[in-house]
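Observations on the model geometry
Listed below, chain by chain, are the residues.
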Amino acid sequence: MTIDAVLTSLLRDLNYSCYYPDHSSRISSSYKVVEQDNNIVFKFLAPGIKKEDVDITFDRKKLIIKSTEDSGDKDFKINFNESISLYKSVDIDKSYASLNEGILTVTMPIDKSERTRKISFQ
């Protein structure tokens, strides 16, 4: 099995993974999501990737992480496009990312102000 086949298989598995707050963490071959200190922390294995190679967005309780068009060394280019569903609201304004020694970490504080609202009829 080639390295490309292994990486493709790992990244395909990531597409079917979700974070569930009922469990202390969700672990996959390439990433890990844990809840700690009132934060949801996402760690992604990203060897050889630079900050400018990664696009991180958050939309409707979904963390989206993908590589940019010209990311990485062409011989060892890792393309990724991951979407992880989170079942708790996070404070997007206080969320931040770091990249250290090939590990991308996204820290998202849990939004404690989320509340249930009643919908009324018009």
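Every chain's residues receive numbers from 1 upward, in the order its sequence appears when written. The model is predicted, so local features are restricted to residues of pLDDT at least 70 and side-chain atom pairs to those at 80 or more, both for listing and for counting; the totals for chains, interfaces and linings are taken over all residues. By convention in this description, side-chain values take in all heavy atoms of the structure and omit both hydrogens and water.

As for the overall build of the protein
Only DSSP runs of H or I with at least four residues qualify as helices, and only runs of E with at least two residues qualify as strands; both kinds are numbered from the N terminus onward. For the protein, the count of helices and strands is one helix and eight strands. The helix and strand sequence of the protein, counted from the amino end, reads α-β-β-β-β-β-β-β-β. Burial statistics for the protein: of 122 residues in total, 32% are counted as buried. Long-range pairs, those at least 24 residues apart, make up 45% of the contacts in the protein between residues at least 6 apart in sequence. Under the convention used here, a 1.4 Å probe and the Shrake-Rupley method define accessible areas, while residue burial counts only the protein chains that appear. Per element, the accessible surface of the protein, about 8,700 Å² overall, is 48% carbon and sulfur. Throughout, exposure labels follow a simple rule: accessible area from a 1.4 Å probe, protein chains only, divided by the maximum for the residue type, with under 20% read as buried, over 50% as exposed, and the rest as partly exposed. Every residue pair with non-hydrogen atoms within 4.5 Å of one another is taken to be in contact.

Focus on the environment of Asp-59
Checked against the element boundaries, Asp-59 lands in the loop between strand E4 (54-58) and strand E5 (62-67). Among the residues examined, Asp-59 registers a relative accessible area of 40% and is labelled partly exposed. Expressed as a C-alpha distance, the spacing of Asp-59 and Ile-92, which sit 33 residues apart in the sequence, is 9.6 Å.

Here's the deal with the side chain of Thr-105
Looking at the element boundaries, Thr-105 is found in strand E8 (residues 103-109). Beyond its immediate chain neighbours, meaning those up to four positions away, Thr-105 contacts Val-41, Phe-42, Lys-43, Tyr-96, Ala-97 and Ser-98.

Section: the packing of aromatic side chains
Classification of ring pairs rests on two measures: the distance between centres of Phe, Tyr or Trp rings, Trp counted by its six-membered ring, which must be within 6.5 Å, and the angle between planes, read as stacked under 30 degrees, edge-to-face over 60 and tilted in between. For the structure on display, the rule yields two aromatic pairs. A ring pair is formed by Tyr-31 and Phe-42, whose centres lie 5.4 Å apart and whose planes are at 35°; its orientation type is tilted. Of this pair, Tyr-31 sits in strand E2 (residues 31-36) while Phe-42 sits in strand E3 (residues 39-45); the two residues are 11 residues apart in sequence, bridging distant segments of the chain. Classification of Tyr-31 as buried rests on a relative accessible area of 3%. Consider the rings of Phe-42 and Phe-44, whose centres lie 6.1 Å apart with planes at 15°: the pair is stacked. One exposure class covers both Phe-42 and Phe-44, and it is buried. What links up through ring pairs into an aromatic cluster is the set Tyr-31, Phe-42 and Phe-44.

Comments concerning the confidence of the model for the protein
As a per-residue measure, pLDDT tells how confident the predictor is, with possible values from 0 to 100. Per-residue confidence for the protein gives a mean pLDDT of 77; residues scoring 70 or more make up 68%. Residue range residues 16-28 is modelled with pLDDT below 50. Its contacts to residues more than four positions away, or to other chains, number 29 contacts.

Remarks on unusual backbone geometry
For Asp-37, which is not a glycine, the phi torsion comes out positive at approximately 50°. The exposed category is assigned to Asp-37, whose relative accessible area is 67%. Although it is not a glycine, Asn-38 adopts a positive phi angle of roughly 60°. Within the fold, Asn-38 resides in the loop between E2 and E3.

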